[in-house]
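Overview (structure and organization)
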Amino acid sequence: MSAPVVVAGASLGGLRAAEQLRAAGWDGPVTVIGEEPYMPYNRPPLSKEVLAGKASFDSLAFRPRAAVADVEWRLGTRVVRADLDRRTVGLADGTTLPYAGLVVATGMRPRRLPCPGPAAGRHTVRTLDDARALREALTGPGVRVVVVGAGFIGCEVAATAVTLGAAEVTVVDPLPLPMTGPLGDLLAQALRDRHEQRGVRFALGTGVTAFHGDDRVTGVELSDGTVLPADVVVESVGSVANTEWLDGNGLDLTDGVLTDEHLRVGGRPDVVAVGDIARFPNARYDGVPRRVEHWSIPTDTAKHAARVLAAHLNGTEPGLDPFAPLPTFWSDQHDFRLQSFGAPALGKDDVRVLEGDPDGDVLAGYHADGRLVGVVALGGAAAAAAAARHRAALLKQPALTA
Amino acid sequence: MKVVVDMNKCQDHGQCVFAAPDVFSFDDAGHLAYVPDPDEALRDEVEEAADVCPLQAIRIED
């Protein structure tokens, strides 16, 4: 039997890669390897509906397409090494697998704070098991919650904790406003106001220096010496790429896995990367390779990468233009939604209110060289719909040059 | 081809409308409307719509 395509990673990116390999005409064997014991599941609700108890953990499972019924799933083990010259990967259980093609889809893991103090009571939100443990902790009576990191996950978890009736919810971040990286100051200010109106407190412009407590955490010490009492701590301070298993192959692994404009890795036609581990140049923008942690990226990258890999393995031409996805993200917090299209982060120096005003439903436009490069809506359904009306124009724009 | 959307899951993200505008649309009230029995020729775009639904609320029953 011929060697399989090995897909390292069994989350959304790994699932979509397997499905898209079939759709692209790869009829040979496919083996997907995943560290978690679960079939692929949807992660965004882990900080929102599922954490809040409004949806069940069971509801998260993806329904794989019928075309992947013959795919071999090796779950509960992980890839620990790779030899790209010999086309083999090694698993944690000691097995060595040869491959015809390799899909790198091992994703990210939460970064942890290196501060001293007890580990018990400190949570992250990445996996189903993480969310189960956090939900149990948050549903205790009168819990005091400190969320470290005011990004997407931190803001979502803070909102959910308030919904669950936590006694105190405080979000700590060294930056002066929440989510200012993706949103810029105008919307970040509006976001902070909304959270505060709904009971979330902020400690901004300050870092965390230590965790207090003996067996489990009882407080969080800030840079200025203040100690916030805490029963539950959530660390949402970014993520680290799971690339260690690729060490020793001469790859650029400085932040995820560097790919070319067709998501190929290390100049090898038989290795591609998908999902948030892939650091790819987007032909739509300035060509600078970046990792993107939006939910749409695993599906977008898998579709392109699978066609490239299947064409190589089948000895045909993929006939694809360079990868150029239109970024999109959303975030549900309290009773409002953030909805973005395009690349607002590239236009944060020139932000204009296109519709509404920051106290209500608002649509902000982000500009580079006077041209609209992204929109973000904050508010209800009408604001999100207003953002969607700009999507077609953002898709049609010619490439930005650096 | 038969398409079913779990309207209890749908949160009006509209990603399906972008992926398969011949099958999915928003009505005047801003709620999702869809063609439950689209032509087989639209399968690719309906599959794309099912893939990109953030709530995974779209099911294709052949």
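Residues numbered from 1 in each chain as written. Chains lettered and ligands numbered in written order. Predicted model: local features only at pLDDT ≥ 70, side-chain atom pairs only at ≥ 80, totals over all residues. Heavy atoms only, no water.

Definition in use: UniProt positions are given in the numbering used here, feature names are shortened, and annotations may be inferred rather than shown by experiment.
Within an unreviewed UniProt entry, the label attached to chain B reads Ferredoxin, and the organism entered is Streptomyces carpinensis. UniProt annotates chain B under Cofactor (unreviewed entry) with the comment "[3Fe-4S] cluster". Under the UniProt heading Function (unreviewed entry), the entry covering chain B gives this text: "Ferredoxins are iron-sulfur proteins that transfer electrons in a wide variety of metabolic reactions."

**Points about the overall build of chain A**
Definition in use: Strands here mean DSSP runs of E at least two residues long; helices mean DSSP runs of H or I at least four residues long; both are numbered from the N terminus. Each radius of gyration reported is based on C-alpha atoms, and the globular scaling rule is 2.2 Å times the count of residues to the power 0.38. Burial status follows relative accessibility: with a 1.4 Å probe on protein chains alone, a residue under 20% of its type maximum counts as buried, one over 50% as exposed, and anything between as partly exposed. Charge counting treats Lys and Arg as positive and Asp and Glu as negative, with His and both chain ends excluded. For this purpose, a charge sits on NZ of Lys, CZ of Arg, CG of Asp or CD of Glu.
Of regular secondary structure, chain A possesses nine helices and 27 strands. Over its C-alpha atoms chain A spans a radius of gyration of 22 Å, differing by no more than 12% from the 21 Å that the globule rule assigns to 402 residues. Taking all 402 residues of chain A together, 53% fall into the buried category. Distance from the positive charge centre (40 side chains) to the negative charge centre (48 side chains) of chain A: 4 Å.

**Thoughts on the overall build of chain B**
This is how it is decided: Whether two residues are in contact is decided by their heavy atoms, any of which lying within 4.5 Å being enough. Here the accessible surface of atoms and residues is derived via Shrake-Rupley with a 1.4 Å probe, and residues count as covered only by protein chains that are part of the display.
In terms of regular secondary structure, chain B is built from two helices and four strands. Ordered by position in the sequence, the α and β elements of chain B form the string β-α-β-β-α-β. Expected size for 62 residues packed as a compact globule is a radius of gyration near 11 Å; at 10 Å, chain B falls within 12% of this value. Along the longest, intermediate and shortest principal axes, the C-alpha atoms of chain B span 30 × 20 × 15 Å. Expressed as a percentage of the 62 residues in chain B, the buried residues total 42%. The contacts of chain B with a sequence gap of at least 6 include a subset with a gap of at least 24, amounting to 59%. Put simply, chain B shows about 3200 Å² of open surface, and 47% of that area lies on carbon and sulfur atoms. Across chain B, 4 positive and 15 negative side-chain charges occur, with their mean positions spaced 10 Å apart.

**Here we look at the sheet that holds strand E4 (residues 79-83) of chain A**
Residues and elements named next belong to chain A. Let me state the cut-off plainly: Pairing between strands is defined by DSSP: at least two bridges between them are needed. All axes are obtained by fitting lines to C-alpha atoms, using only the stretch in contact for helices, and the reported angles, taken between N-to-C directions, cover 0 to 180 degrees.
With antiparallel pairing, three strands are arranged side by side in an open sheet as E4-E5-E6. Two strands lie at the open edges of the sheet, namely E4 and strand E6 (96-98), each paired on one side alone. Averaged over all pairs of adjacent strands, the angle between strand axes in this sheet comes to 25 degrees, irrespective of strand direction. Bridge analysis of E4 against strand E5 (residues 88-91) gives four bridges, and the strand direction is antiparallel. Following the sheet pairing, Ala 82 is matched in E5 by Val 89.

**Here we look at the pairing of strand E7 (residues 101-104) of chain A**
Residues and elements named next belong to chain A. Side chains of E7 alternate between two faces, with Gly 101 and Val 103 and Leu 102 and Val 104 buried alike. Inspection of the sheet shows strand E1 (residues 5-8) paired to E7 by four bridges, in the parallel sense. When the bridges of E7 are listed, Val 5 appears paired with Gly 101.

**Structural notes on the environment of A:Leu177**
Residues and elements named next belong to chain A. Within the secondary structure, Leu 177 sits in the loop between strand E11 (168-173) and helix H5 (180-183). Here the alpha-carbon distance between Leu 177 and Leu 191, two residues 14 residues apart in the chain, equals 8.7 Å. Contacts of Leu 177, omitting those with residues within four sequence positions, involve Asp 185, Ala 188, Gln 189, Arg 192 and Leu 204.

**Examining the side chain of A:Arg22**
All names here are of chain A. Selection rule: Polar contacts, as used here, are pairs of N or O atoms within 3.5 Å; protein pairs need one atom able to donate a hydrogen and one able to accept it. Residues neighboring in sequence count only if both atoms are side-chain atoms.
By the element assignment, Arg 22 lies in helix H1 (residues 12-23). From its side chain, Arg 22 meets the backbone oxygen of Ala 67 in a polar contact 3.4 Å long. When near neighbours in sequence (up to four residues on either side) are disregarded, Arg 22 contacts Asp 27, Gly 28, Val 30, Ala 67, Val 68 and Asp 70.

**Considerations on the interface of chain B and chain A**
Applicable threshold: Accessible area that two parts lose when put together, with a 1.4 Å probe and added across both, is what the buried area reports. Every case where a carboxyl oxygen of Asp or Glu lies within 4 Å of a side-chain nitrogen of Lys or Arg is listed as a salt bridge.
Taken residue by residue, the interface counts 16 residues in chain B and 20 residues in chain A. Roughly 1500 Å² of surface becomes buried between chain B and chain A when both sides are summed, with 42% attributable to carbon and sulfur atoms. Across the chain B-chain A interface, the total number found is four salt bridges. B:Glu48 serves as the salt-bridge partner of A:Lys303, at 2.4 Å between the closest nitrogen and oxygen. Summed over the shared surface of chain B and chain A, the result is nine residue pairs in polar contact (both at pLDDT 80 or more).

**Details of the pattern of salt bridges**
All names here are of chain A. All told, the structure shown has 32 salt bridges over all chains when counted by the stated rule. Asp 276 is the salt-bridge partner of Arg 126, the closest N and O atoms lying 3.1 Å from each other. On the criterion of sequence distance, the pair formed by Arg 126 in the loop between strand E9 (122-123) and helix H3 (128-138) and Asp 276 in the loop between strand E20 (268-273) and strand E21 (278-281) is long-range, its members being 150 residues apart. In this structure, Asp 252 engages Arg 279 in a salt bridge whose closest nitrogen and oxygen atoms are separated by 2.9 Å.

**Considering the packing of aromatic side chains**
All names here are of chain A. This is how it is decided: Working definition: a ring pair exists when centres of Phe, Tyr or Trp rings (six-membered ring for Trp) sit within 6.5 Å. Plane angles under 30 degrees give stacked, over 60 give edge-to-face, the rest tilted. In this analysis the charged atom, NZ for Lys or CZ for Arg, is taken to sit over a ring once it is within 6 Å of the ring centre and within 35 degrees of the ring normal.
Per the counting criterion, the structure on display carries six aromatic pairs over all chains. Considering the side-chain rings of Phe 280 and Phe 323, the 5.0 Å spacing of their centres and the 65 degrees angle between planes classify their relative orientation as edge-to-face. Of this pair, Phe 280 sits in strand E21 while Phe 323 is found in the loop between helix H7 (296-314) and strand E23 (328-333), placing the two residues 43 residues apart along the sequence. Side by side, Phe 280 and Phe 323 carry an identical accessibility label, which is buried. Over the ring of Phe 62 we find Arg 16; its NZ or CZ atom is 5.6 Å from the centre of that ring. Its end group placed over the ring of Phe 57, Arg 132 keeps NZ or CZ at 4.7 Å from the ring centre.

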